[in-house]
Amino acid sequence: MKNLTVKSERGGAFDTRRVTTLALLVCVALIAGLVENAFPPLMPLAPVAKLGLGNIAPLLALIMLSVGDAYLVMFVKCLLGALASGGVTGLMYSVPSGVLALTVEVLLFLLAFDKMSVAMISLIGAVAFNAAQLGVATAVTGVSMLPLLPLMMTAGLLAGAFTGLLAYTLIKQTPYSAFRGKNGYK
């Protein structure tokens, strides 16, 4: 399939494949997040612990598209997810946690991708996400969440490994032409 690039009114190029891929990733992230929120917690002692299936989308955007696109998917996923679920106050937890987790994943991807699997990058990102959420919760409530750290780190390890393996499987099943830059289309 040939990539359609159209000149916009302001003179810039509009890359339909990139925009379509971004929209698809955001939709997948939203649907995964909403479906996941409909189920009971995975760990009764940690009711906020989820698999984080929606967090696969920014990781896929990072690998398939670019760093900027990964952050765009993450921010749009957080905003639309909060609006769709009615939990707009949850943005104070999801955005800082998402930024930290994705930043860790970006650094690992850029600096160590040849030495580290997608699953390991996802696993470390999930642990960073949970640590950031505990930090934000401590700051918001004024109550130390440190006692929850071992439980949330365990949840992050399990969730990150699962979502990383799922992301790896999706990447392996994605046609080569879907990748941008050195990995695929221009």
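Caption draft 1: Region of interest: the nonpolar core. Ranked by internal contacts, the top residues of the largest apolar core, which has 28 residues, are Leu25, Leu59, Leu60, Ile63 and Val73. Only helix H1 (16-38), helix H2 (56-64), helix H3 (67-85), helix H4 (91-112), helix H5 (118-141) and helix H6 (149-173) provide two or more residues apiece to this core. No other element matches the eight residues that H2 contributes to this core. Here Leu60 is in contact with Leu25, Leu65, Ala167, Leu170 and Ile171, once residues within four sequence places are set aside.

Caption draft 2: Representation of the packing of H3 against H4. Two elements in contact, H3 and H4, have axes separated by 10 Å at closest approach and are oriented at 160°. By the criterion of interaxial angle, the relationship of H3 to H4 is roughly antiparallel. Here H3 runs over H4; the crossing is right-handed. For the pair formed by H3 and H4, the contact residues are Val67, Ala70, Tyr71, Met74, Phe75, Cys78, Leu79 and Ala82 on the first element and Leu91, Ser94, Val95, Gly98, Val99, Leu102, Thr103, Val106 and Leu110 on the second. When grouped by side-chain class, the residues that make up the contact of H3 with H4 number 14 nonpolar, three polar and no charged.

Caption draft 3: Quick peek at the environment of Ala70. The residue Ala70 is located in helix H3 in this model. For Ala70, a relative accessible area of 0% translates into the label buried. As for Ala70 and Thr103, which are separated by 33 residues in sequence, their C-alpha atoms are 9.8 Å apart. Ignoring anything within four residues of it in the chain, the contact list for Ala70 reads Pro58, Ala61, Leu62 and Leu102.

Caption draft 4: How the structure looks around H4. End to end, H4 covers 30 Å across 22 residues, agreeing with the expected 32 Å (1.5 Å per residue, within 8%). Turning to H4, its buried residues number three or more, namely Ser94, Ser97, Gly98, Ala101, Leu102, Glu105, Val106, Leu108, Phe109 and Ala112. Residues of H4 that are buried in the fold lie against H2, H3 and H5.

Caption draft 5: How the structure looks around H1. In a regular helix each residue adds 1.5 Å, so 23 residues correspond to 33 Å; H1 covers 33 Å between its end C-alpha atoms and thus fits that length. Along H1, the residues that are buried comprise Arg17, Thr21, Leu22, Leu25, Val26, Ala29, Leu30, Ala32, Gly33 and Glu36.

The rules we used
- For every chain, the first residue of its written sequence is number 1, and the numbers climb from 1 along that sequence.
- Since the coordinates come from a predicted model, pLDDT governs what is reported: local features require at least 70, and pairs of side-chain atoms require 80 or more to be given and counted, while whole-chain, interface and lining totals use all residues.
- For side-chain calculations, the full set of non-hydrogen atoms in the structure is used, while hydrogens and water are omitted.
- Among buried residues, those of type Ala, Val, Leu, Ile, Met, Phe, Trp, Tyr and Cys that are joined through side-chain atoms within 4.5 Å constitute a nonpolar core.
- Each residue gets one of three labels from its accessible area relative to the maximum for its type: buried under 20%, exposed over 50%, partly exposed in between, using a 1.4 Å probe on protein chains only.
- A helix here means a DSSP run of H or I that spans at least four residues, while a strand means a run of E at least two residues long, and both kinds are numbered starting from the N terminus.
- Between two residues, a contact is recorded if the distance between any of their heavy atoms is within 4.5 Å.
- An axis is simply a line fitted to the C-alpha atoms; with a helix, the fit covers only the stretch in contact. Between two such axes, the angle follows the N-to-C directions and lies from 0 to 180 degrees.
- An angle below 35 degrees is read as roughly parallel, one above 145 as roughly antiparallel, one from 65 to 115 as roughly perpendicular, and any other as oblique.
- Crossing chirality is assigned from the near helix's rotation relative to the far helix, an anticlockwise turn below a right angle marking it left-handed and a clockwise turn marking it right-handed.
- Basically, the charged four are Asp, Glu, Lys and Arg, the nonpolar ten are Ala, Val, Leu, Ile, Met, Phe, Trp, Tyr, Cys and Pro, and anything else, Gly included, counts as polar.
- Multiplying 1.5 Å by the residue count of a helix minus one yields the expected span of that helix.

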